[in-house]
Every structure is written in C-alpha cells, then in structure tokens.
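Survey of secondary and tertiary structure
Single-letter residue listing:
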Amino acid sequence: MHAIPGHTPGSVAYVVDGQRSVFVGDAVQIHGAANHFPGYTDPVAYRKSLKRLRDEIRPRRLYLGHPYRRADGTPYGVELDEAQAEEAVTQSLDIEARVASAARGCLEAGPRETESPYSPFARAAEELGCTGDPALEPSPFFTTMAGYRTHFEQHVQTQEHRSHPS
C-alpha cells in the first residue's frame, strides 16, 4: 500500500507485488467523471502523488474507481493497460497544471462575486472552458478551487511573514 494523497488526504494505491497492478480508486482524476472536472482537495499533494505513480510505481495495469474521461469526453474503462495508464497519469498532470494556472490567475486577481454559477471562481472557470451547471455536481470544481485557495493563502502568509518577521 502506498499513500498517494491529493484527491483526499487518505487516498492510497494498492499494488499487487511483482505485477505492478495498481488499484488507485479515485486518486487519478484525468478530466473528472460525469462532470468533466477533476476533484482533489490538495493540489500540491495530488501533483506529487501523480508523479510518484508515474516515476516510481509505474503501473503495468491501473485500476480506477470508475470511468474517468478523456479530453474529448469519452470514458476510459476502469482497467487500463500500461500505455493507457501512462496516458491517464500524464493527462492528469497536464490538466492539473492548466487548472493550477487558471486558479492562480483568479486568486491573484482576487476572487469576485459574480452572477456566474462558478462565482467566486468565475474567472478560472471561464479560462478552463467550464460551461456546464456546477450545481448538478458542485463538489469537484469547488473542492479543487478551495484546495488552490488554501495553498495560495498559505503562500501569501509565508511571504508576509518573511517580509515582516516578528
């Protein structure tokens, strides 16, 4: 068993010894499930866990908790071969980088209340091309944005502390 936090603090991967068959549940989000948006509570841990899966564990078979989606909306199966596993993890890393960039831009500008259902993160949603109704399944978008906001606020506090030590 390997700790791979990010989706949730307790996310784990179970690896079948000698086979590199890896069961990750919801820890590899790709483009999300039904809502087309990845959900993770801690973006820094999520990225680190994905890199660990890719670089250290290197699954020959990857078992997902349920079908997650490719960029074109078609679902992966729940059992991925080695090439599909590499593609899914690589896409997850690429998507996290795009979401991080959009979240950072939104947070640096300051989240604003708007008429958008994505408020106060409407700027990030627009940059990412989110057009669906997040009220249908709000958790992934807002959970993920909250994770970025937490890290952004911690970074700002650290920078303020360094600028104005007690």
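Everything quoted here is computed from the prediction, not taken from an experiment. (Residues numbered from 1 in each chain as written. Predicted model: local features only at pLDDT ≥ 70, side-chain atom pairs only at ≥ 80, totals over all residues. Heavy atoms only, no water.)

The helix and strand inventory of the protein chain stands at four helices and five strands. The order of helices and strands in the protein chain, counted from the N terminus, is β-β-β-α-β-β-α-α-α. Taken over C-alpha atoms, the radius of gyration comes to 17 Å for the protein chain, in line with the 15 Å a tight globule of 166 residues would show. With respect to the three principal axes, the spread of C-alpha positions in the protein chain is 50 × 45 × 20 Å. Looking at the protein chain as a whole, 38% of its 166 residues are labelled buried. For the protein chain, contacts bridging at least 24 residues in sequence account for 55% of all contacts bridging at least 6. Carbon together with sulfur atoms contributes 50% to the accessible area of the protein chain, which is approximately 9,100 Å² in total. (Helix = DSSP H or I, 4+ residues; strand = E, 2+ residues; numbered from the N terminus. Rg over C-alpha atoms; globule rule 2.2 N^0.38 Å. Buried < 20%, exposed > 50% of the residue type's maximum accessible area, 1.4 Å probe, protein only. Contact = heavy atoms within 4.5 Å. Areas by Shrake-Rupley, 256 points an atom, 1.4 Å probe, with all protein chains shown as cover.)

Quick look at the environment of Gln19 now. Counting through the fold element by element, Gln19 comes out in the loop between strand S2 (12-16) and strand S3 (21-25). Residue Gln19 is classed as partly exposed on the basis of its relative accessible area of 46%. Sequence separation between Gln19 and Leu50 is 31 residues; the distance between their C-alpha atoms is 19 Å.

A few words on the pattern of salt bridges. Summed over the entire model, instances satisfying the criterion amount to six salt bridges. One salt bridge in this structure joins Glu82 and Arg20, with 3.3 Å as the shortest N-O distance. Within this pair, whereas Glu82 is found in helix H2 (residues 82-109), its partner Arg20 is found in the loop between S2 and S3, the two being separated by 62 residues in sequence. Of the residues examined, Arg20 reaches a relative accessible area of 22% and is grouped as partly exposed. (Salt bridge = Lys/Arg side-chain N within 4 Å of Asp/Glu carboxyl O.)

Attention shifts here to the pairing of S3. By the bridge criterion, three bridges tie S2 to S3 in an arrangement that is antiparallel. Residue pairing for S3: Val15 is matched across the bridge by Val22. Across four bridges, S3 lies against strand S4 (residues 61-64) in parallel orientation. Within S4, the residue paired with Ser21 across the bridge is Arg61. Handedness of the S3-helix H1 (residues 43-57)-S4 crossover: right-handed. (Pairing = 2+ DSSP bridges. Right-handed = clockwise from strand over helix to strand, strands pointing away.)

Another point: H2. Within an α-helix, residues lying three or four positions from one another point in the same direction, as the helix has 3.6 residues per turn. Taking 1.5 Å of rise per residue, the 28 residues of H2 would be expected to cover 40 Å, and the 41 Å separating its terminal C-alpha atoms lies within 8% of that figure. Looking one or two residues beyond H2, the residue adopting positive phi is Gly110, at roughly 95°. (Expected span 1.5 Å × (residues − 1).)

Sheets are built from strands that pair by backbone hydrogen bonding, the pairs being arranged parallel or antiparallel. A sheet is described by the order of its strands in space; here five strands give the open sequence S1-S2-S3-S4-S5, paired in mixed fashion. Edge positions in the open sheet fall to strand S1 (2-3) and strand S5 (79-80), since each of these has one partner strand only. Note: S4 against S5, two bridges, orientation antiparallel. Bridge assignment links Tyr63 to a residue of S5, and that residue is Glu79.

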